[in-house]
Amino acid sequence: MITSAAQKAGFGGGIVVDYPNSKKARKVFLCLFVGGGGGKQQVPQALEGEEEEDSKVRFERRRERERGKAKNGKRKSVKDKDWILKKKELYRKRGKEDVPRDSKYTGRKRKAVF
């Protein structure tokens with residue numbers, strides 16, 4: 001519908017579909033040309049990536065690899081005691097008021113109370 005309206009208005013071009021056989025990586029582009037100088041312009045070629053054996057997109061392998069790097073399936077907690085102490089020190093250095101004091105309970109999990 002958009003393509004036909006654009007062609008009636010004097011634009012040239014068409015639709016390009018990258019990875020048409022893929023479910024996740026498919027992208028549809030509308031390519032329009034104006035002022036072609038009398039010559040026929042060609043629409044750019046679509047990307048024709050071969051589907052991998054698992055029918056996964058290229059970047060999914062990287063995600064799986066990063067997921068596998070974590071030790072024993074668990075990631076190190078970002079907000080452990082060292083991180084909290086560094087953050088508090090940074091706040092104090094910047095002159096922020098009301099930074100909680102450091103104690104032996106800093107960075108510990110709270111027990112679930114029902």
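For the structure itself, look to the data block above.
Here goes a summary of the coordinates provided. (Residues numbered from 1 in each chain as written. Predicted model: local features only at pLDDT ≥ 70, side-chain atom pairs only at ≥ 80, totals over all residues. Heavy atoms only, no water.)

## Considerations on the overall build of the protein
For the protein, the count of helices and strands is three helices and two strands. Going from N to C terminus, the protein has its helices and strands arranged as α-β-β-α-α. Taken across its 114 residues, the protein has 13% of its residues classed as buried. Nonlocal contacts in the protein, meaning residues at least 24 apart in sequence, comprise 30% of its contacts between residues at least 6 apart. Counting only carbon and sulfur atoms, one obtains 51% of the accessible surface of the protein, whose full area is about 10,900 Å². (Helix = DSSP H or I, 4+ residues; strand = E, 2+ residues; numbered from the N terminus. Buried < 20%, exposed > 50% of the residue type's maximum accessible area, 1.4 Å probe, protein only. Contact = heavy atoms within 4.5 Å. Areas by Shrake-Rupley, 256 points an atom, 1.4 Å probe, with all protein chains shown as cover.)

## Focus on helix H3 (residues 81–93)
Taking 1.5 Å as the rise per residue, H3 with 13 residues should run 18 Å; its terminal C-alpha atoms sit 18 Å apart, in good agreement. Positioned one or two residues after H3, glycine 95 has a phi angle of 90°, which is positive. (Expected span 1.5 Å × (residues − 1).)

## Brief notes about the side chain of serine 22
When you line up the elements, serine 22 lands in the loop between strand E1 (12–18) and strand E2 (27–33). Separated by 3.1 Å, the side chain of serine 22 and the backbone nitrogen of alanine 25 make a polar contact. (Polar contact = N/O pair within 3.5 Å; in protein donor to acceptor, adjacent residues only side chain to side chain.)

## Details of the environment of valine 17
Mapping valine 17 onto the fold places it in strand E1. Sequence spacing of valine 17 and leucine 47 is 30 residues, and the spatial spacing of their C-alpha atoms is 7.7 Å.

## Quick look at unusual backbone geometry
Even without being glycine, tyrosine 19 reaches a positive phi, approximately 50°. Examined against the element boundaries, tyrosine 19 turns out to sit in the loop between E1 and E2.

## Quick notes on the environment of glycine 35
Within the secondary structure, glycine 35 sits in the loop between E2 and helix H2 (58–69). The class for glycine 35 is exposed, based on a relative accessible area of 70%. Each C-alpha atom, one on glycine 35 and one on phenylalanine 11, is 8.2 Å from the other, the two residues being 24 residues apart in sequence.

## Details of the pattern of salt bridges
All chains considered together, the criterion is met by three salt bridges. In this structure, the salt-bridge partner of aspartate 102 is arginine 92, at a minimum N-O distance of 3.5 Å. With aspartate 102 in the segment after H3 and arginine 92 in helix H3, this residue pair connects regions lying 10 residues apart in the sequence. A cluster of three or more residues bridged by salt bridges with shared partners is formed by Lys88, Glu89, Arg92 and Asp102. (Salt bridge = Lys/Arg side-chain N within 4 Å of Asp/Glu carboxyl O.)

## Re a positive patch on the surface
A contiguous patch of positive charge on the surface is contributed by Lys79, Lys87, Arg94 and Lys96. Here lysine 96 is to be found in the segment after H3. (Patch = residues over 30% accessible without salt bridge, like charges linked within 9 Å, V, L, I, M, F, W, Y side chains within 5 Å. Lys, Arg positive; Asp, Glu negative; His and termini not counted. Charge placed at Lys NZ, Arg CZ, Asp CG, Glu CD.)

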